[in-house]
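Chain by chain, the residues run as shown.
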Amino acid sequence: MIDVVNRQLIELLQQGLPLVSRPYAVIGEKLGLCEDEVLVRVRNLKQQGIIKRLGVVVNHRRLGYKANAMVVFDVPDSLISQIGGHVSRFNFVNLCYQRPKQGSQWPYNLYCMIHGKNKVTVLKQLDHLTESCGLHQFKREILFSKQCFKQRGALYQAIENQEKVINNG
Amino acid sequence: MLSSLHKQLLNDFQQDLPLSATPYLDIANSLGVTENEVLAAFKELQDQQFIARIGSVIAPNLIGVSSLIAMSVPENKLQKTADIINQYPEVNHNYERDNRFNLWFVLIAKDSESLQEVMTDMELQTGYKMLYLPLLADYFINLGFELDFND
């Protein structure tokens, strides 16, 4: 479904769109494609939902949003998509996922991420969320981030290495 | 100090840039400034690390396989364990969180076999068990994150 050229294109887009007048022409040069072809591929990748968005990725911490909480809930599987849909509508919720429960040591299946300028704000937003979505009844834990050990690794290095093996025969 | 142009660029273009050959010119036209002003402002935001990049966000698990992983590590072993984990190129976003499960990171590998191999190796190298928490459903509707520039 995703050919090698599209993977390379995605890797370049992940690194960042060049800050020049014709950024897609610059990307095209690296891939041996013309500007139009790059744009067609990017549009297709967006249409297929492979690229979810292509825009400014802000650094929340640097902009003063220093508190980041991952809140996990134990909700019934039968209600999770309804609750997830509701929770994700709040603009202070950055991510909202279902993940598998892991027995009694970690019985949570709904994860949401809340960014705020400080813990007090985040907890207020969480109260608002809990109230609005009727989440009181569910067991939950709030995990604030402390230190960051690594922000972003070689995202697709493993895949690239694999392709090099294929390309080199 | 952020100018009003900086703030507009930060707030209004998180979701999508104009998908044309000249996105920065299109932004400039929509804001009534010149392309050079837009390029210069983005460069300043990037240099000062207000933006990580102007780039794509990819749907999970379409390219490669990923999972969130959690580990419960004694406080005095945390840095050492994080250092071991960070050596793997498959690791992204490795954070300490205030919980009994205190080390949280994302693993990305080319397929589930590789992911499993990395996890097995990590458990062996660190001596701690991991919680495997892959994505089952994504409910997030991305409307962009509205920044509040007051205070």
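Bear in mind that the values here come from a model prediction, so they are computed numbers and not experimental data.

This next bit is on the nonpolar core. Judged by nonpolar contacts, the single largest core of 42 residues is most densely connected at Leu13 of chain A together with Leu9, Leu10 and Phe42 of chain B. Those residues in contact with Phe42 of chain B that sit more than four places away from it in its chain are Leu19 and Val56 of chain A together with Leu9, Tyr24, Ile27, Ile51 and Ile54 of chain B. Ala67, Val75, Val93 and Cys112 of chain A belong to the second-largest nonpolar core, a separate cluster that totals 24 residues.

Let's shift gears to the environment of Gln82 of chain A. Of note, Gln82 of chain A is situated in helix 4 (residues 80–87). Put simply, Gln82 of chain A and Cys133 of chain A are 51 residues apart on the chain and 10.0 Å apart in space, counted from C-alpha to C-alpha.

The subject of this paragraph is the pairing of strand 3 (residues 93–98) of chain A. Among the 6 residues that make up strand 3 of chain A, 5 are buried, leaving the element largely enclosed by the rest of the structure. Across 5 bridges, the pairing between strand 3 of chain A and strand 4 (residues 110–116) of chain A is antiparallel. Residue Gln98 of chain A lies in a different strand from strand 4 of chain A, and its bridge partner there is Leu110 of chain A. In terms of strand pairing, strand 3 of chain A meets strand 6 (residues 137–138) of chain B through 2 bridges, oriented antiparallel. Counted as the bridge partner of Gln98 of chain A is Ala137 of chain B from strand 6 of chain B.

Now for the sheet that holds strand 5 (residues 140–150) of chain A. The strand order 5(B)-2(B)-4(B)-3(B)-5(A)-2(A)-4(A)-3(A)-6(B) describes an open sheet built from 9 strands, whose pairing is antiparallel. Edge positions in the open sheet fall to strand 5 (130–133) and strand 6 of chain B, since each of these has one partner strand only. As defined by bridge partners, strand 2 (residues 65–71) of chain B adjoins strand 5 of chain B across 4 bridges and the pair is classed as antiparallel. From the neighbouring strand, Ala70 of chain B faces strand 5 of chain B, where its bridge partner is Leu131 of chain B. Running at roughly 135° to strand 4 of chain A, helix 5 (residues 119–133) of chain A makes contact with strand 2 (67–73), strand 3, strand 4 and strand 5 of chain A of the sheet.

Residues and elements named next belong to chain A. Relative orientation of the contacting elements helix 1 (residues 4–15) and helix 3 (residues 35–47) amounts to 85°, with a least axis distance of 11 Å. If you check the angle between helix 1 and helix 3, you find them roughly perpendicular. The residues of helix 3 that touch helix 1, namely those facing Val5, Asn6, Leu9, Ile10 and Leu13, are Val38, Arg41, Val42 and Leu45. Considering only residue class, the contact of helix 1 with helix 3 consists of 7 nonpolar, 1 polar and 1 charged.

Further remarks concern the side chain of Asn68 of chain A. Along the polypeptide, Asn68 of chain A turns up in strand 2. Relative accessible area serves as the criterion here: at 9%, Asn68 of chain A is assigned to the buried category. Separated by 3.4 Å, the side chains of Asn68 of chain A and His115 of chain A make a polar contact. Polar contacts involving the side chain of Asn68 of chain A include one to the side chain of Arg97 of chain B, which spans 2.9 Å.

Here we take up the confidence of the model for chain B. Residue and element names in this part refer to chain B. Summarising the model, chain B shows a mean pLDDT of 91, and 96% of its residues fall at 70 or more. Across chain B, the secondary-structure element scoring lowest on mean pLDDT is strand 1 (residues 51–58), at 87, and the one scoring highest is helix 2 (residues 23–31), at 97. Quick note on the complex model: pTM equals 0.80, ipTM equals 0.80.

The next thing to look at is the interface of chain B and chain A. Listed as interface residues are 76 residues of chain B and, on the opposing side, 85 residues of chain A. Summed over the shared surface of chain B and chain A, the result is 4 salt bridges. Here Asp138 of chain B makes a salt bridge to Lys52 of chain A, at a shortest N to O gap of 2.9 Å. Joining chain B to chain A, the criterion identifies 43 residue pairs in polar contact (both at pLDDT 80 or more). The greatest single-element share of the side of chain B that touches chain A, amounting to 8 residues, is contributed by strand 1 of chain B. Here the side of chain B that touches chain A is built from residues that sort into 45 nonpolar, 18 polar and 13 charged.

As for its placement among the helices and strands, Ser20 of chain B is situated in the loop between helix 1 (4–12) and helix 2. A polar contact of 3.1 Å, which involves the side chain of Ser20 of chain B, links it to the backbone nitrogen of Thr22 of chain B. With residues near it in sequence (within four places) discarded, Ser20 of chain B still touches Tyr24, Leu39 and Arg43 of chain A together with Asp26 of chain B.

All names here are of chain B. Between helix 4 (residues 78–86) and helix 5 (residues 112–126), the least distance of the axes is 10 Å, while the angle of their chain directions is 145°. The two elements helix 4 and helix 5 cross, and the hand of that crossing is right-handed. Touching Thr81, Ile84 and Ile85 of helix 4 are Met122, Gln125 and Thr126, all from helix 5. Residue composition of the contact of helix 4 with helix 5, by class: 3 nonpolar, 3 polar and no charged.

Quick look at unusual backbone geometry now. All names here are of chain B. Positive phi outside glycine occurs at Gln49, with the angle close to 60°. Here Gln49 lies in the loop between helix 3 (35–47) and strand 1. You will see that His93, though not glycine, has its phi angle at about 45°, which is positive. A relative accessible area of 33% means that His93 is categorised as partly exposed.

Calculation criteria
Along each chain, residue indices are assigned from 1 in the same order as the chain's sequence is written. By the order in which they are written, chains take letters starting at A while ligands take numbers starting at 1. In keeping with the predicted nature of the model, local features appear solely for residues at pLDDT of at least 70, side-chain atom pairs appear and are counted solely at 80 or more, and the whole-chain, interface and lining totals rest on all residues. Excluded from the side-chain calculation are hydrogens and water; included are all heavy atoms of the structure. Here, nonpolar core refers to any group of buried Ala, Val, Leu, Ile, Met, Phe, Trp, Tyr and Cys residues whose side-chain atoms link them within 4.5 Å. Only protein chains enter the accessibility calculation, which uses a 1.4 Å probe. A residue is then buried if its area is under 20% of the maximum for its type, exposed if over 50%, and partly exposed in between. Residue contacts follow a heavy-atom distance rule, with two residues in contact if any of their heavy atoms lie within 4.5 Å. Helix numbering and strand numbering both begin at the N terminus, where a helix is a DSSP run of H or I of at least 4 residues and a strand a DSSP run of E of at least 2. Pairs of strands are assigned from DSSP output, requiring at least two bridges between the strands. Orientation is described by axes fitted as lines to C-alpha atoms, over the contacting stretch for helices, and by angles from 0 to 180 degrees between their N-to-C directions. Angles below 35 degrees are treated as roughly parallel, those above 145 as roughly antiparallel, those between 65 and 115 as roughly perpendicular, and all remaining angles as oblique. Any residue outside Ala, Val, Leu, Ile, Met, Phe, Trp, Tyr, Cys, Pro, Asp, Glu, Lys and Arg is labelled polar, Gly included; the first ten of those are nonpolar and the last four are charged. As used in this structure description, the phrase polar contact means that two N or O atoms lie within 3.5 Å; if the pair is within protein, one of them must be able to donate a hydrogen and the other to accept it, and residues adjacent in sequence are counted only when both atoms belong to side chains. pLDDT expresses, on a scale from 0 to 100, how confident the predictor is about each individual residue. We count a salt bridge whenever a side-chain nitrogen from Lys or Arg sits within 4 Å of a carboxyl oxygen from Asp or Glu. Two helices cross in a left-handed way if the nearer one is turned anticlockwise from the farther one by less than a right angle. They cross in a right-handed way if the turn is clockwise.

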